[in-house]
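Read off the chains here:
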Amino acid sequence: MSNAILLASLYPNPVARAAQRAAMLAQALNSRRMEFLSVIPPAEQESGDLKHVSLARCMNDVKTASANALIRFGMRCSATFEFGSLFESTIRRAGQAAPGLIAVAWQSHPWWPVLHNFNLMRDLSRSCLCPTLLVRQEAQRPYRHAVFASDFSCESLETLKVAARLLPGVRITIVHTYKVPGEGHMRTAGVRNDAIDACRQTFEREVKTAYARTLEELKPESSKLTLALLPRPTGLSVTNYVNAVGADLVILSGSQRWLVDEWCWQSRARDLIGKTASDLLMITTTRRT
């Protein structure tokens, strides 16, 4: 990975946690360049004195974080400071620098933090077509276990390819939730359990065949992949699975869907974010026209 990692932050949100995580990822990818983009919102510009105080504090935070990245991980850091919108400034800088990854710390919000952070991550990923990492946890060690909910579509496969490249040494579990088509009607009609189980086994064989094709496509990275099947309705969900296994990263495919599918996907993603504490990596591989 030759391109720098772009670390975007909005004052006064702390930058140290996201900077440490970005440095860990850069080191694993044999990259030595990080760029800090620190943005001060319009509310901090109302007074000239307040503007200078905010800028000085922002610069001090970045200086501390970049010094830590240099000493601990050997990163060569640069910094840009702007006043305005975090989203607009990040889009503009990403267009100029073409980073290999955009890292953003979890942003505080007085009313809807989950919605605010999800929208920010989604919009950056889709606008820049650049993997976007939303950091929530303290980076005590490199990522070990990532979870990706896949439907085995072409978009899912492309997302996995990018994720495997960005996460060397990280175990990736592909989670597939499913239900036997027409199971409820079959049970109402009195179909025997062994017949329903036979349908379920047939469906699982189809999923495992799709998984085998995925492994073939992702060689040699396929050795880091595992499959978890979550039959429904059983109370199991991707959210419960992430919490049960203690995954430290959740991978999301940001590829845009048709209207109803898009609404359902956003609802599930926000629910997952609200009920887990893992970091989030959104990867958008195509832009729908």
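All of these numbers come straight from a predicted model, not from anything done at the bench.

Undergrad: Just checking my understanding: could you explain the side chain of Ser9 for this structure?
TA: Residue position: Ser9 is located in strand 1 (residues 5–10). The exposure class of Ser9 is buried, given its relative accessible area of 5%. Within polar-contact distance, the side chain of Ser9 engages the side chain of Ser38 at 3.3 Å. Those residues within four positions of Ser9 in sequence are excluded, and the remaining contacts are Val15, Leu37, Ser38, Val39 and Leu86.

Undergrad: How do you make sense of the pattern of salt bridges when you look at a structure like this?
TA: Side-chain pairs of opposite charge can arise whenever the charged atoms involved come near each other. In this structure the tally under the stated criterion is nine salt bridges. Close ionic contact of Glu158 with Lys161 constitutes a salt bridge, the shortest N to O distance being 3.6 Å. On the criterion of helical spacing, the pair formed by Glu158 and Lys161 is a turn pair, its members being three residues apart in helix 5 (residues 154–166). According to the relative accessible area criterion, Glu158 is partly exposed, its value standing at 34%. A salt bridge links Glu217 to Lys161; the nearest nitrogen and oxygen atoms lie 3.6 Å apart. You can see Glu217 sitting in helix 7 (residues 193–217) and its partner Lys161 sitting in helix 5, a full 56 residues away along the chain. Put simply, Glu158, Lys161 and Glu217 are held in one network by salt bridges that share partners.

Undergrad: Would you mind showing me how to read a nonpolar patch on the surface here?
TA: Judged by side-chain polarity, Trp111, Trp112 and Leu115 come together as a nonpolar surface patch covering roughly 410 Å² of accessible area. Tracing the backbone through its elements, the reader meets Trp111 in the loop between strand 4 (101–105) and helix 4 (113–128).

Undergrad: Got a minute to help me understand the layout of surface pockets in this structure?
TA: It is the rolling of a water-molecule-sized probe over the atoms that shows where space remains empty. There is about 1,000 Å³ of room inside the largest pocket. Forming the walls of the largest pocket are 35 residues, and the residues nearest its centre are Ala149, Asp151, Arg257, Trp265 and Arg268.

Undergrad: So what exactly am I meant to see when it comes to empty space enclosed by the protein here?
TA: According to the stated counting rule, one finds one cavity of 30 Å³ or more in the structure shown. Counted as a void, the largest cavity has a volume near 70 Å³. In terms of lining, the largest cavity is formed by Ser9, Leu10, Tyr11, Pro12, Asn13, Val15, Ser38, Cys58, Asp61 and Val62. Elements supplying a minimum of two residues to the lining of the largest cavity: strand 1 and helix 2 (48–73). In terms of residue count, the dominant contributor to the lining of the largest cavity is helix 2 (three residues). Among the residues making up the lining of the largest cavity, the classes are represented as six nonpolar, three polar and one charged.

Cut-offs applied
- Along each chain, residue indices are assigned from 1 in the same order as the chain's sequence is written.
- Reporting in this predicted model follows two pLDDT cut-offs: at least 70 for local features of residues, and 80 or more for side-chain atom pairs to be given and counted; totals over whole chains, interfaces and linings ignore these cut-offs and use all residues.
- Think of the side-chain values as coming from all heavy atoms in the structure, minus any hydrogens and water.
- Only DSSP runs of H or I reaching four residues or more are called helices, and only runs of E reaching two or more are called strands; each is numbered from the N terminus.
- Partly exposed describes any residue whose relative accessible area lies between the buried limit of under 20% and the exposed limit of over 50%, with all areas from a 1.4 Å probe on protein chains only and scaled to the type maximum.
- Polar contacts, as used here, are pairs of N or O atoms within 3.5 Å; protein pairs need one atom able to donate a hydrogen and one able to accept it. Residues neighboring in sequence count only if both atoms are side-chain atoms.
- Residue contacts are defined here by distance: any two heavy atoms, one from each residue, within 4.5 Å place the two residues in contact.
- A pairing counts as a salt bridge when a side-chain nitrogen of Lys or Arg comes within 4 Å of a carboxyl oxygen of Asp or Glu.
- Patches in this entry comprise residues that are over 30% relatively accessible and not in a salt bridge; like charges within 9 Å are linked, as are nonpolar side chains (Val, Leu, Ile, Met, Phe, Trp, Tyr) within 5 Å.
- In short, Shrake-Rupley with a 1.4 Å probe defines the accessible areas, and a residue's cover is counted only from the protein chains shown.
- Buriedness for pockets is judged along seven lines, at least five of which must meet protein on both sides within 12 Å for an open set on the 1 Å grid over protein atoms alone, while cavities are sets there where a 1.4 Å probe fits but cannot get out, and lining residues have an atom within 4 Å of a point.
- Grid points are joined across faces, edges and corners, and a volume is the space filled by probe spheres set on the points.
- Classification used: nonpolar for Ala, Val, Leu, Ile, Met, Phe, Trp, Tyr, Cys and Pro, charged for Asp, Glu, Lys and Arg, polar for all others including Gly.

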